[in-house]
Amino acid sequence: MKYISRFKDSLKRLVIVHGSEEEAFGLANKIRNELGEDLEIHIPQNGETVEIKE
């Protein structure tokens, strides 16, 4: 959480790909509580491809 909170002002979207689905949703909720509800957090489905654009 300390690492992610350093990007609070510039972070717009976050993709969580670590852990089980339940753990990922728990982490997403914790991050939203820390950084705010406006942050878009995506948890891909198993096998889903996520394109990262600059």
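In case you missed it, the structure is sitting above this.
**Points about the environment of Asn 29**
Residue placement: Asn 29 occurs in helix α2 (residues 21-35). Given the relative accessible area of 42%, Asn 29 is considered partly exposed. The spacing of Asn 29 and Pro 44 is 15 residues in sequence and 15 Å in space, taken between C-alpha atoms.

**A word on the pattern of salt bridges**
Where charged atoms from two side chains of opposite charge come close, those side chains can pair. One pass over the full model with this rule turns up one salt bridge. Notably, a salt bridge pairs Arg 13 with Glu 40, separated by 3.0 Å at the nearest N-O pair. Taken together, the residues Arg 13 in strand β1 (residues 13-15) and Glu 40 in strand β2 (residues 40-42) connect sequence positions 27 residues apart. Among the residues examined, Arg 13 registers a relative accessible area of 41% and is labelled partly exposed. Judged by relative accessible area, which is 43%, Glu 40 ranks as partly exposed.

Rules used in this analysis
- Residues numbered from 1 in each chain as written.
- Predicted model: local features only at pLDDT ≥ 70, side-chain atom pairs only at ≥ 80, totals over all residues.
- Heavy atoms only, no water.
- Helix = DSSP H or I, 4+ residues; strand = E, 2+ residues; numbered from the N terminus.
- Buried < 20%, exposed > 50% of the residue type's maximum accessible area, 1.4 Å probe, protein only.
- Salt bridge = Lys/Arg side-chain N within 4 Å of Asp/Glu carboxyl O.

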